[in-house]
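Chain and residue survey
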Amino acid sequence: MEIEKLSILYDSLVKDEDFEKLGLELNEPNIFQILRVSTKEIRHSNFLSWLLDPNSNHGLGDIVLRGFLHEVLLFDEISEINESYINKLDLVDVEIRREWNFIDLLIILDDFVVCIENKIFSDEHSDQLRRYKKIIDNEFPDKKRFFVYLTPHGISSEQESDIYIPISYQTIVEILESVNEKIFDSLNQSVRNYINDYIITLNRDVMGSDKLTELSKKIYVKHKDLFDF
């Protein structure tokens, strides 16, 4: 490509308002990106365990846990569990376990348990899901047992699709956005920042569906010749 033409294309890019917006978005600080943990599966499980625990110091109460259980327990339309049952659940004594018997997240209540396998940028391997189910069945034979396969886009397990409920990270985003609508003003400023940063991180780095991604695609289409060069 000629230097003169290249210079014209580059000048067009730097004068593009969308390119300026992209720079502003990229310069917005985000705690998960600062710590370089936005794509670390184990860090997401840690943060989710904090959000799901009503007794944590976030001030959210049980709003995140109840929202998550709503998605899980009502997934099967023929289940005897209904909205009324979920609304009446006493979540004060819930126990959230991390990496118990290699299980990413385990929610334990009086009547049931929820086993969560968290997959972001890795695939299921060997017979891990089957092993986890066996562990839960043996340890909690008197409780109802639910199994969740949590992924960026809610795909089903390849090996245990008849057992594991597919839940997407979009569900987590929607629950957190509902938090912002309901009790955001009452939260500690740090917690507000964490929630907003996490929503951005999930959209941008986990699901690739945020405005930054769309803006990047738009800029590429408009300046394809320059970027391809």
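Throughout what follows, the structure given in this document is the object of discussion. (Residues numbered from 1 in each chain as written. Predicted model: local features only at pLDDT ≥ 70, side-chain atom pairs only at ≥ 80, totals over all residues. Heavy atoms only, no water.)

**Some words on the packing of aromatic side chains**
Evaluation of the coordinates by the stated rule reveals 8 aromatic pairs. Aromatic side chains Trp 50 and Tyr 194 sit 6.3 Å apart centroid to centroid with 75° between the ring planes, which places their arrangement in the edge-to-face category. Here the residue Trp 50 occupies a position in helix H4 (residues 41-52), and Tyr 194 occupies one in helix H9 (residues 189-206), the gap between them amounting to 144 residues. According to the relative accessible area criterion, Tyr 194 is partly exposed, its value standing at 33%. Ring centres of Phe 147 and Tyr 164 lie 5.4 Å apart, and the angle between their planes is 55°; this geometry places the pair in the tilted category. With Phe 147 in strand S4 (residues 144-151) and Tyr 164 in strand S5 (residues 164-168), the pair connects residues that are 17 residues apart, well separated along the chain. The pair Phe 147 / Tyr 164 is uniform in exposure class, with both members buried. (Phe/Tyr/Trp six-rings, centres within 6.5 Å; stacked < 30°, edge-to-face > 60°. Helix = DSSP H or I, 4+ residues; strand = E, 2+ residues; numbered from the N terminus. Buried < 20%, exposed > 50% of the residue type's maximum accessible area, 1.4 Å probe, protein only.)

**Quick look at H4**
The end-to-end C-alpha separation of H4 is 16 Å, in line with the 16 Å expected for 12 residues at 1.5 Å each. His 44, Ser 45, Phe 47, Leu 48, Ser 49, Leu 51 and Leu 52 are the residues of H4 that are buried. (Expected span 1.5 Å × (residues − 1).)

**Remarks on the packing of H4 against H9**
Angle between the axes and distance between the axes: these two values describe a pair of packed helices. Contact geometry for H4 and H9: axes closest at 13 Å, N-to-C directions at 140°. By the criterion of interaxial angle, the relationship of H4 to H9 is oblique. Read as a crossing pair, H4 and H9 show a hand that is left-handed. Residues His 44, Phe 47, Leu 48, Trp 50 and Leu 51 of H4 lie in contact with H9, whose contacting residues are Val 191, Tyr 194, Tyr 198, Thr 201, Leu 202 and Val 206. For the contact of H4 with H9, a count of residues per class yields 9 nonpolar, 2 polar and no charged. (Axes fitted to C-alpha atoms, helices over the stretch in contact; angles between N-to-C directions. Parallel < 35°, antiparallel > 145°, perpendicular 65-115°, else oblique. Left-handed = near helix turned anticlockwise from the far one by under 90°. Contact = heavy atoms within 4.5 Å. Nonpolar A, V, L, I, M, F, W, Y, C, P; charged D, E, K, R; others polar.)

**Some thoughts on the pairing of S5**
Across the 5 residues that make up S5, a large majority, 5, are buried. Where burial is concerned, the two faces of S5 agree: the one with Tyr 164, Pro 166 and Ser 168 and the one with Ile 165 and Ile 167 are both buried. In this structure, S4 lies alongside S5, joined through 5 bridges in parallel fashion. Looking at the pairing, Tyr 149 lines up with Pro 166 of S5. (Pairing = 2+ DSSP bridges.)

**Description of the sheet that holds strand S3 (residues 112-118)**
Reading across from one edge, S1-S2-S3-S4-S5 is the order of the 5 strands in this open sheet, with mixed pairing throughout. The sheet is open, and its two borders are formed by strand S1 (95-100) and S5, each paired with just one other strand. With strand direction ignored, the average angle separating the axes of adjacent strands in the sheet is 25°. Across the sheet, H4 is in contact with S1, strand S2 (103-108), S3 and S4; its angle to S1 comes to roughly 165°. Each of S1, S2, S3, S4 and S5 touches helix H7 (residues 128-139); the most contacted strand, S4, lies at about 155° to it.

**Topic: a nonpolar patch on the surface**
On the surface, a cluster of nonpolar side chains totalling about 370 Å² of accessible area is made up of Ile 31, Ile 34, Leu 35 and Tyr 194. Checked against the element boundaries, Leu 35 lands in the loop between helix H3 (31-34) and H4. The class of Leu 35 is exposed, set by a relative accessible area of 55%. (Patch = residues over 30% accessible without salt bridge, like charges linked within 9 Å, V, L, I, M, F, W, Y side chains within 5 Å. Areas by Shrake-Rupley, 256 points an atom, 1.4 Å probe, with all protein chains shown as cover. Salt bridge = Lys/Arg side-chain N within 4 Å of Asp/Glu carboxyl O.)

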